[in-house]
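# Geometric and topological summary
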Amino acid sequence: MLLGAWPLGGKTNHGSTAATSTKSGKFRFTLLCGGYVLFLVVGAAIFSAIEAPRMDEFAKKLNLARSNFLKKYSCVDDDDLEAFLKEVVSASERGISILRNASSSELNWSFGQALFFSSTVVTTIGYGHVTPLSETGKIFCMIYATLGIPLTLVLLSAVVDRLMIPVSSLLGFMNAKLGHLYQPFNIRLLHLLLIVVVIGLLFLVAPMFVFAYMEPGWDLLDAFYYCFISLTTIGLGDFIPGDGENVANPTLYKTLTTCYLLLGLSGVMLALSVFYQIPQLNLGQLFTEYGSGASESEKMRLSGAGAPCYSGPTGLYIPQRDEEVRRAVVRIRPRGEDSPSPEDTTPMHARDIRVP
């Protein structure tokens, strides 16, 4: 039985296919860039329209409070008050509070807070409410992040690999039970929806109630907003758990929050892994390939500096310049008496395997 290699088209077709695929790829990439810029512009316009009026309202209230303060305490000079407020704002941006009952040093760099800060650095959440103040601390933070970020990615990837075992088993169970009723793509969608719902309940909904209970100044929306912003590693830093005055044991609270962030990030990565395992939902291929019709052979041909590409039983290859078509002959001889002897030292690839 002859299993030969065959060309994937004439030489003239390769040039036209390559040109068409390249143009299609460039068009898709340009469309992606333009759409992304438009997405940013639209988002900026919506945020500005929503938040600007609210900001103006807060600014008016603040200016009114300042004017009332100067009227009530006429002995205070306006310039002196301005200088004092600058110091307060600068200290607040660095995580230092001058409130009467706040002990900033203990809150910011206790073991629990330091552990929480370390986790936000290596997970790239980076709330920014607490930052190193010393030069030594800044240098160490850069070194620590350089080592910690790759290590965290390795750890989370390893955790996701372990979690994919029961998740894949669940998909196999669903295929066995529902395969005669639904298409594989529909079963994968149902599987993805189930995983997303479970992860959402565990790491968004349940923690939302916990944080809303533990943080007196947070409502349910604030707590859900914090969980979402943290687990997506956006880390705006406008809501930080454990920074209030009513927390009984801030060190333990910060430590448990650190554990929650690491587990939550693992859950998010698991959901993304299940999502990207569905080929129909992997939209990145639409913009990373030369075009929707570009096959693997076409990409290999383009990478081979114009050499024709062929497909055979062993995969894709680019023949040498002095050969036009390379053929592979495989002969299978399944009979027991033709099996190689243990003393036969002939390499496997050099043996003739015949079929009757």
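Residues numbered from 1 in each chain as written. Predicted model: local features only at pLDDT ≥ 70, side-chain atom pairs only at ≥ 80, totals over all residues. Heavy atoms only, no water.

### Section: the overall build of the chain
The number of helices and strands found in the chain is 10 helices and 3 strands. Tracing the chain from N to C terminus, the helices and strands come up as β-α-α-α-α-α-α-α-α-α-α-β-β. Residues counted as buried form 25% of the 356 residues belonging to the chain. For the chain, restricting intrachain contacts to residue pairs at least 6 apart in sequence, the fraction spanning at least 24 positions comes to 58%. (Helix = DSSP H or I, 4+ residues; strand = E, 2+ residues; numbered from the N terminus. Buried < 20%, exposed > 50% of the residue type's maximum accessible area, 1.4 Å probe, protein only. Contact = heavy atoms within 4.5 Å.)

### Observations concerning the pattern of salt bridges
Close approach of charged atoms lets side chains of opposite charge pair. Overall, the coordinates contain 4 salt bridges when judged by the stated rule. A salt bridge links Arg 66 to Glu 82; its shortest N-O distance comes to 2.7 Å. Of this pair, Arg 66 sits in helix α1 (residues 11–72) while Glu 82 sits in helix α2 (residues 78–93), and the two are 16 residues apart along the sequence. Of the residues examined, Glu 82 reaches a relative accessible area of 30% and is grouped as partly exposed. A cluster of three or more residues bridged by salt bridges with shared partners is formed by Arg 54, Glu 57 and Lys 61. (Salt bridge = Lys/Arg side-chain N within 4 Å of Asp/Glu carboxyl O.)

### So, empty space enclosed by the protein
Summed over the entire model, instances satisfying the criterion amount to 1 cavity of 30 Å³ or more. Considering only enclosed or pocket space, the largest cavity measures out at about 30 Å³ in volume. Forming the boundary of the largest cavity are Tyr 127, Tyr 225, Tyr 226, Ile 229, Ser 230, Leu 236, Gly 237, Asp 238 and Phe 239. Of the residues assigned to the lining of the largest cavity, the class counts are 6 nonpolar, 2 polar and 1 charged. (1 Å grid on protein atoms, 1.4 Å probe; cavity = no way out; pocket = protein on both sides within 12 Å on 5 of 7 lines; lining within 4 Å. Points joined across faces, edges and corners; volume = space filled by probe spheres on them. Nonpolar A, V, L, I, M, F, W, Y, C, P; charged D, E, K, R; others polar.)

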